[in-house]
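Structural features, examined
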Amino acid sequence: MVSQYIKVLVIIFPVVFLILLGFFTKKLGFVKQNHSAYLNQLIVYFTLPALVFTAIYYGTLTLDYLKIPIVSLIIMATISALVFLIFRKSALSRPVLGALILTSAVGNTGYIGYPLALKLAGNQGLVKAIFYDLFGTVLFIL
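One structure accompanies this document, and this report is about it. Residues take numbers from 1 onward in each chain, read along the sequence in its written order. With the structure being a predicted model, the display of local features is reserved for residues of pLDDT at least 70 and the display and counting of side-chain atom pairs for 80 or more, all residues being used for whole-chain, interface and lining totals. Excluded from the side-chain calculation are hydrogens and water; included are all heavy atoms of the structure.

**Observations concerning the layout of surface pockets**
- Residues are said to line a cavity or pocket when one of their atoms sits within 4 Å of a point; the points come from a 1 Å grid over protein atoms alone, cavities being sets where a 1.4 Å probe fits but cannot get out and pockets being open sets with protein on both sides within 12 Å along at least five of seven lines. Grid points are joined across faces, edges and corners, and a volume is the space filled by probe spheres set on the points. Taken as a whole, the largest pocket spans an internal volume of roughly 870 Å³.
- For the largest pocket, the lining is made up of 21 residues, of which L18, I19, G22, I43 and Y111 are closest to its centre.
- Going through the elements one at a time, helix 1 (2-27), helix 2 (33-58) and helix 5 (113-141) are the ones with two or more residues in the lining of the largest pocket.
- Under the scheme used here, helices are H or I runs from DSSP no shorter than 4 residues and strands are E runs no shorter than 2 residues, and both carry numbers assigned from the N terminus. No other element matches helix 1, which puts seven residues into the lining of the largest pocket.
- In terms of residue class, the lining of the largest pocket is made up of 14 nonpolar, five polar and two charged. When residue character is reported, Ala, Val, Leu, Ile, Met, Phe, Trp, Tyr, Cys and Pro are called nonpolar, Asp, Glu, Lys and Arg charged, and the others, Gly included, polar.

Structural data, given as structure tokens:
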């Protein structure tokens, strides 16, 4: 049982380390505010699509993968409905309630989810995460 916890920590540690490295390099002034925009553009337009295409190219796709976006949409719709029902009578303004619903239903399945899926479940896990994210989360936001 303890070895499973160690395995999870070994997998999660590099991701947490990189997040902390980015945080502290910005706090210490090594990375400026305008650098963040360039890094985000590099990730969004080059490295993330390259990761997606590579994972899908080397992955094995089956018709079962079509179920993943459906499950994703059902999960997010259910969470959205629950948050709406719980907070609809609250004093929250409509924009704040909308933001609460959106942030409650949609997770960070790309930036954080992809590396964790790859480390935890290998390339096939990454392909499943891509289907969840691109065909579920993105469609939900649109």
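**Some details on the packing of aromatic side chains**
- Centre distance within 6.5 Å is the pairing criterion for rings of Phe, Tyr and Trp, where only the six-membered ring of Trp is used; planes under 30 degrees apart are then read as stacked, over 60 as edge-to-face, and the remainder as tilted. Counted according to the given criterion, the structure contains five aromatic pairs.
- Judged by centre distance (5.1 Å) and plane angle (75 degrees), the rings of F23 and F24 are edge-to-face.
- Throughout, exposure labels follow a simple rule: accessible area from a 1.4 Å probe, protein chains only, divided by the maximum for the residue type, with under 20% read as buried, over 50% as exposed, and the rest as partly exposed. Classification of F23 as partly exposed rests on a relative accessible area of 44%.
- Each ring, one from Y57 and one from Y58, has its centre 4.9 Å from the other, and the planes form 85 degrees; the classification is edge-to-face. You'll find Y57 and Y58 in the same group, each marked exposed.
- The structure contains a cluster of three or more aromatic residues connected by ring pairs, namely Y65, F131 and F135.

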